[in-house]
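Listed below are the residues making up each chain.
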4 protein chains.
Amino acid sequence: MTVSREVELAGHIIDSGTMGTAFSIVMDMGGSFTVEAFDIGRRKEEESYARLLVEADDTETLQSIVHELHQHGANPADPTDATLERAPADRVVPDGFYSTTNHPTFVRYEDEWLPVENMEMDCAIVVEPEPSSDGSDGPRAYTKVLNAIEAGDRVVTGDTGIRVEPPERPRDSGGTFGFMQGGVSAERPSESTIRQIADAMRETSESGGDVLAVCGPALIHSGAREDLARLVREGHIDMLSAGNGFAVHDIERDLYGTSLGVDTETLDHARHGHKHHIYAISEVIREGGIEAAVESGTIESGVMYECVANDRPFVLAGSIRDDGPLPDTITDAVEAQNAIRAQAHEADMVLMLSTLLHSVAVGNCLPSTTPVVCVDISPATVTQLVDRGSAQAVGMVTDIGTFVPLLAEELVEE
Amino acid sequence: MTVSREVELAGHIIDSGTMGTAFSIVMDMGGSFTVEAFDIGRRKEEESYARLLVEADDTETLQSIVHELHQHGANPADPTDATLERAPADRVVPDGFYSTTNHPTFVRYEDEWLPVENMEMDCAIVVEPEPSSDGSDGPRAYTKVLNAIEAGDRVVTGDTGIRVEPPERPRDSGGTFGFMQGGVSAERPSESTIRQIADAMRETSESGGDVLAVCGPALIHSGAREDLARLVREGHIDMLSAGNGFAVHDIERDLYGTSLGVDTETLDHARHGHKHHIYAISEVIREGGIEAAVESGTIESGVMYECVANDRPFVLAGSIRDDGPLPDTITDAVEAQNAIRAQAHEADMVLMLSTLLHSVAVGNCLPSTTPVVCVDISPATVTQLVDRGSAQAVGMVTDIGTFVPLLAEELVEE
Amino acid sequence: MTVSREVELAGHIIDSGTMGTAFSIVMDMGGSFTVEAFDIGRRKEEESYARLLVEADDTETLQSIVHELHQHGANPADPTDATLERAPADRVVPDGFYSTTNHPTFVRYEDEWLPVENMEMDCAIVVEPEPSSDGSDGPRAYTKVLNAIEAGDRVVTGDTGIRVEPPERPRDSGGTFGFMQGGVSAERPSESTIRQIADAMRETSESGGDVLAVCGPALIHSGAREDLARLVREGHIDMLSAGNGFAVHDIERDLYGTSLGVDTETLDHARHGHKHHIYAISEVIREGGIEAAVESGTIESGVMYECVANDRPFVLAGSIRDDGPLPDTITDAVEAQNAIRAQAHEADMVLMLSTLLHSVAVGNCLPSTTPVVCVDISPATVTQLVDRGSAQAVGMVTDIGTFVPLLAEELVEE
Amino acid sequence: MTVSREVELAGHIIDSGTMGTAFSIVMDMGGSFTVEAFDIGRRKEEESYARLLVEADDTETLQSIVHELHQHGANPADPTDATLERAPADRVVPDGFYSTTNHPTFVRYEDEWLPVENMEMDCAIVVEPEPSSDGSDGPRAYTKVLNAIEAGDRVVTGDTGIRVEPPERPRDSGGTFGFMQGGVSAERPSESTIRQIADAMRETSESGGDVLAVCGPALIHSGAREDLARLVREGHIDMLSAGNGFAVHDIERDLYGTSLGVDTETLDHARHGHKHHIYAISEVIREGGIEAAVESGTIESGVMYECVANDRPFVLAGSIRDDGPLPDTITDAVEAQNAIRAQAHEADMVLMLSTLLHSVAVGNCLPSTTPVVCVDISPATVTQLVDRGSAQAVGMVTDIGTFVPLLAEELVEE
């Protein structure tokens, strides 16, 4: 027995690779295809359209192929409404729920395509019919992570009535974000790449967008703290996501002039220096938190200081390797993820600076359309982040301790 | 003005490097020394003794030098009782509290040296006079992390009345743990090293000790799951410390035959495979937890299964990059640290397998006397773990997917 | 002014990405295109055909685009004979000579397409009209590296009359070499991957092909020597390419039981061990070479021994970091490249084992159609080799000291 | 039977670790020791002296221990003249020849200690009685690599009459080269470290010393070429050691504005760019060499240009992965090593910049007293170089593309 289904592809499907990917998926998964219609975009501005008849030996295989195809932008040609099922209990999704990609997605509800809000991957999609709870007029669809599902939520199941639109290759290699097609390279010219990152940040700011910096403690150890603080102060970085360690070492440097006990200016090991981070934590606990310690004049400089002084929101997410932690650190992982998620959805550009853990956490919450720059000295880290990241992710393998000063030199007006 | 203080060193202070380190510290920190007494161990079994008069230009410098010296095992020659001060509030330590190393430490209280219990680094030391709260007869000293400090705790401050005893170089390079002097090498013969690790595990078990394995998800992706499960089942691994991701991928493999959507036997990408980890989480949530899912017959094999079936305690510590998480995952970082701490203090040998985050968390809670084996494919990870780790830490840069099968071959009786 | 040229693509140009790449090249380089004809393969066995009119603002841009296109398999639609010019002097190519890719290439000569022999990249193509110097009947085309060019050679210049055929995606993901589409992954299941490499080696041997192993000294230090020697002895490895260091440490192990002074069985540091490699070199010099030392009974075991005893040809290429070197080591880089080239052209499958330098040297001489397996513990090394390598290159990030024993277990009959 | 021998240690043997190392060696190798005399330096300026009686069960063990001890600076207490034996043939050393360390070494000849000239490791020592062939008055001792040994050379054998003096820990952590005690760290403050390297270079120049830069092609790809050229032009770098690839890409950038086909300013992929390096080679071959190409005006800028224009000697050593090569490249490894050796012996400070192969080759020829700075983005490379390197080696894990510009900013007068 042979079963079949029609799927459609539209857009710049040749050079964005969508069409090639679709052919490969069908072949890899043991199906076959017939191109029923193909209308090629004859010039670079013209879109192409293809309709494929996909065939397989059994229904299960066909479903798998169609499912996979549509994760990559080949959507069933005969859309019907998405199937909705009620969540049977809190945190329990219905069987066969649809798990999201990070690409822009649409759900068909009462013959209309609803854009899914707050796209991020590995979520369920919940549909709310009108009048929706937030007072908006029409029906809404949005993502929910598993542990946020509430009993009775209408959750999308199966593959029907869902359209995924992976970002396409830009028509034009220029433009500020044009360089963000390049993946990772350790052998890219460093200064020129930094210049382009600065341009993209400037353009984001000028168009009213927000730049989120995800920061690891290596920024402080490597001596980049002062220039990072300048970028926060002067508004080139609008939000900060970090862990307890980053804030501790930033504050240690303010209170004791060291980072992990090393004077980052003279390179001297401070006396008693290896205790400084514990003392710094203890001081902030005594004050009741970072903001209080800034206001009392205990903390007088640094990245956290500039965040408080200039009202740049920050999230400090806890982890099991933390000392302390600081009172500001959110120790519950689920609560921390929610704070990260809220920031990520606000961000128009994300810099991931020398932290794998926090970068993955932020990256998990980003749609594939948010531009991301990953900077780390380890090629494995950069590759991992760029691979799972957005379609507009660019990686740079460099030393954060030289990167930030050169970036600040580009951005900060003398 | 010159101020001075006498310090003493005793033991195998030449070849363990203690004496050389002491000289270097004084010189680096701007002091000077006179060797007032030196009695060299004339043969390898004989211990040496040295008394140094340390001089500096001012009291602050002298204190710094003496502090640093005694972190490395050179203790003041004129011991008096340790200074105790009451913690002013919960989580707030007195000014100038003593922050611990991970070496065996003693505190002088009423002219007696009390051994400090539950040694781990970056803690405060709390002294409880008799009768102690746990019903024991005498006074006790033990470590407390900052966030566990309670108002009124008697906390050790300053450097007086504290003795640190860094482990010495063994007199004998043989013995099962003899190979654990070797640090990290990527160019060590792999099979011979695995044989020695197996010997050390066997010896630990035979002497009634407990082996704790700290496990990262790469163990599952790399195909080592079945052999790791055998090691748990047959009692070569007594306790497990891992994150949500490890358990999810282990269970995904049981439920769907895949890890991250890849069939680890045939290497085929399963259809719908990239959803499997989310589905696995959803199934376990539905059951109420891993133990329930094992008992209901939903989970029938794997590492977590063997832990439940054979009563091997496990800790799953949450992190901000988790999907789900599973109901068994401890999402609060402080609570998770406490669970990790309890396990770490029980462990007589620790294997750190392909996870930096969890290995650092466990390592933070270990005294320098617990033997540790770190295995990872990244030399940077192994170096970082061995450097901060115990005096008996050995690192092996290898592929966990070939390491575990070869280790199991050595340990498991046919 | 607008200039234009027609190019053609044929084959499985959708899923092999050729067509998408062609579109991207034109757009990236500032041109435009019109699809004049497009005949899509409607089923997976059917080939597609496209004819594009490429336009640019000036001749230079157009030439650049067409040049780039044809490196990727889009060939001018109106073939004329290739242009040949005489080399003006030894080692001097004519201006504008055509520099090769590593893909199968054809040159048009007197209206016939001649396949270019000994394809490798970065070479010139020389055409010899009949009767050719090797006694064959017809005209021939073959590659020559720059330093082999002789005055008077007929060298292909420009882009005209040249056809490049990059390998296509196989129609079928099965087959022994099917797994060789997967690029590099550190998270692939190790044992299953080793099994597939063993299958590919066995299939190569069974079909009469030759397996070339490129070997670094880490093979010896990591304890893989004995299993590698078995693979040579039993005919699973037919040829060997290595450096002076590999042979020295292999022979050191035979003469003194150590590698870099370490006993690879007991892990003891041999006394005087750090001199052993120098002594080993000195012994072989005294004998006059490896073969003489095997015949005299001085060398009795190991990889080099098995090569000599079983007539497996080997090339030892010298480098500036060599001690000695051994009399067998070819110290001149150009002469060594010629020896490597001859071996590479014979090889039907290549294993690159823990050496970047020698693997790059061999890889430079391989056409894109030779299957290559790269094994190294450094992901950066594996990525670099797979990226520049053949279309059938697969990389495995693992420990060579566990890889070779497990590979031998798969291949060697008990 | 017990055999014994006395050895002596003198100097700052406690804090330089010499004494601890000696104790460890005896214990590790199965011997025992008695400290017969010990005179401790009571203050930091005073040297210590120890005499040990080393005992072992048999002569062979004793010899091994004594041999190992004296490689680490513990010398036999009863010096007699070194044993000299004639080399039986060219390239053939006498049995039991002494293989050198890279530490300052003295040979006892007719009751006098001759300093060994041109110290480097893994060499033989040749003694020439007076009148020596170079017209000097007295007898001389110097190193010879194995392949330079000539029949009849008087070669030192055994361990008698040889004194090794490993460098001691400086008395003073200040001084420009003081920071060179720190080994490798990826978490050191980058800008401060660069400042200290600049200071050390300036100090070397001001005291009339020569700075040798060992350069890999990544310098060019990463965009550091112009700043490196400035450092050469302005005399901060006096000599250059590199490979064919470095010079090719430097010249490619001059001729075509690209490096590996990428414009290092605009990051555009140049059209035809991947051919540029081959064309660059071809141009230089046509001119007859780099100097000729500079003089003819073909090459007008860059690192090689500045070397020629400012008379900075350079060595280009060939390797088996070279394209071309350029006429200036020394293709024979032994000949290239001799050129490298001559440069290395002249150097007063060495910068190893992003090349493992050439850095190892240069490092092999350096005595342990030459300060070395290793800069690479790979921690494994830096560790390997620092470990085998001089006692005054410091490693920095950073991006060469940001390191050189920041170094130039420190050194070059505006």
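Bear in mind the structure is a predicted one, so any value in this text is a computation, not a measurement.

Colleague: What's the story with the interface of chain A and chain B in this structure? I'm lost.
Modeller: The accessible area lost on association of the parts is a frequent measure of interface size. On the side of chain B, 53 residues touch chain A, which itself brings 52 residues to the contact. Taken over both partners, the interface formed by chain A and chain B buries close to 4700 Å², and the fraction arising from carbon and sulfur atoms is 56%. Across the contact surface, chain A and chain B share two salt bridges. In this structure, the salt-bridge partner of Asp95(A) is Arg286(B), at a minimum N-O distance of 3.5 Å.

Colleague: Looking at this structure, I do not really get the sheet that holds strand 1 (residues 3-11) of chain A. What am I missing?
Modeller: Strand pairing in a sheet is mediated by backbone hydrogen bonds. Such pairs are either parallel or antiparallel. Residue and element names in this part refer to chain A. Across the sheet, which stays open at both edges, the four strands sit in the order 2-3-1-4 with antiparallel pairing between neighbours. The sheet terminates laterally at strand 2 (32-39) and strand 4 (75-76), the two strands that pair on one side only. Strand direction decides the pairing type here: strand 1 and strand 4, joined by two bridges, are antiparallel. From the neighbouring strand, Glu8 faces strand 4, where its bridge partner is Asn75. Across the sheet, helix 1 (residues 18-28) lies against strand 1, strand 2 and strand 3 (48-56), angled at about 160° from strand 2, the strand it touches most. The strands touched by helix 2 (residues 59-71) within the sheet are strand 1, strand 3 and strand 4, with strand 3 carrying the most contacts at an inclination of about 155°.

Colleague: Would you take a moment to explain a positive patch on the surface for this structure?
Modeller: A surface patch of like charges, here positive, comprises Arg321(A), Arg388(A), Arg321(B) and Arg388(B). For Arg321(B), the location among the structural elements is in the loop between strand 15 (314-317) and helix 10 (333-346). With relative accessibility at 32%, the residue Arg321(B) sits in the partly exposed group.

Colleague: For this particular structure, what's the right way to read the UniProt feature "domain: LOR/SDH bifunctional enzyme conserved" (unreviewed entry) in chain A?
Modeller: UniProt's entry tags residues 4-103 of chain A with the feature "domain: LOR/SDH bifunctional enzyme conserved" (unreviewed entry), counted in the numbering of this structure. The straight-line gap between the two end C-alpha atoms of residues 4-103 of chain A is 26 Å; of that span, 24% is helix and 31% is strand.

Colleague: Help me understand the relation of the copies chain A and chain B in this model?
Modeller: One copy of the chain maps onto the other through a rotation about an axis plus a displacement along that axis. For the match of chain A to chain B, the screw axis carries a shift of 0.0 Å, the RMSD comes to 0.1 Å, and the turn is 180°. Viewed as a symmetry operation, the transformation between the two copies matches a two-fold axis. When C-alpha distances to the rotation axis are compared across chain A, the minimum falls at Asp332(A), with a value of 2.0 Å. When the interface residues of chain A are mapped onto chain B, 100% of them are again interface residues, pointing to one common binding face.

Colleague: Looking at this model, I keep getting lost on the environment of Glu8(C). Mind explaining?
Modeller: Summarising the element assignment, Glu8(C) is placed in strand 1 (residues 3-11). Sequence-distant contacts of Glu8(C), that is, excluding residues within four places in its chain, are made with Tyr49(C), Ala50(C), Arg51(C), Gly73(C), Ala74(C), Asn75(C), Pro76(C) and Ala77(C).

Colleague: What is the right way to look at the environment of Ala56(D) in this model?
Modeller: Residues and elements named next belong to chain D. The topology assignment puts Ala56 in strand 3 (residues 48-56). Taking C-alpha positions, Ala56 is 28 Å from Glu168, a pair spaced 112 residues apart along the chain. Those residues within four positions of Ala56 in sequence are excluded, and the remaining contacts are Met1, Thr2, Val3, Thr61, Leu62 and Ile65.

Colleague: I tried to follow the pairing of strand 16 (residues 349-353) of chain B on my own but got confused; where do I start?
Modeller: Side-chain direction in a regular strand flips from residue to residue, so the side chains alternate between the two faces of the sheet. Residue and element names in this part refer to chain B. Among the five residues in strand 16, five count as buried, and that is most of the element. Residue alternation in strand 16 divides its side chains into two sets, Met349, Leu351 and Leu353 and Val350 and Met352, and both sets are buried. Pairing of strand 13 (residues 211-215) with strand 16, which is carried by five bridges, proceeds in the parallel orientation. Residue Leu212 lies in a different strand from strand 16, and its bridge partner there is Val350. Bridge count for strand 16 against strand 17 (residues 372-376) is four bridges, and the pairing is parallel. When the sheet's bridge partners are listed, Val350 is paired in strand 17 with Val372. Between strand 16 and its parallel partner strand 17, the chain crosses via helix 11 (residues 356-364), and the hand of that crossover is right-handed.

About the cut-offs
- Residues numbered from 1 in each chain as written.
- Chains lettered and ligands numbered in written order.
- Predicted model: local features only at pLDDT ≥ 70, side-chain atom pairs only at ≥ 80, totals over all residues.
- Heavy atoms only, no water.
- Contact = heavy atoms within 4.5 Å.
- Buried area = accessible area lost by both parts, 1.4 Å probe.
- Salt bridge = Lys/Arg side-chain N within 4 Å of Asp/Glu carboxyl O.
- Pairing = 2+ DSSP bridges.
- Helix = DSSP H or I, 4+ residues; strand = E, 2+ residues; numbered from the N terminus.
- Axes fitted to C-alpha atoms, helices over the stretch in contact; angles between N-to-C directions.
- Patch = residues over 30% accessible without salt bridge, like charges linked within 9 Å, V, L, I, M, F, W, Y side chains within 5 Å.
- Areas by Shrake-Rupley, 256 points an atom, 1.4 Å probe, with all protein chains shown as cover.
- Lys, Arg positive; Asp, Glu negative; His and termini not counted.
- Charge placed at Lys NZ, Arg CZ, Asp CG, Glu CD.
- Buried < 20%, exposed > 50% of the residue type's maximum accessible area, 1.4 Å probe, protein only.
- UniProt positions renumbered as here; feature names shortened; annotations may be inferred.
- Least-squares fit on C-alpha atoms with pLDDT ≥ 70 in both.
- Right-handed = clockwise from strand over helix to strand, strands pointing away.

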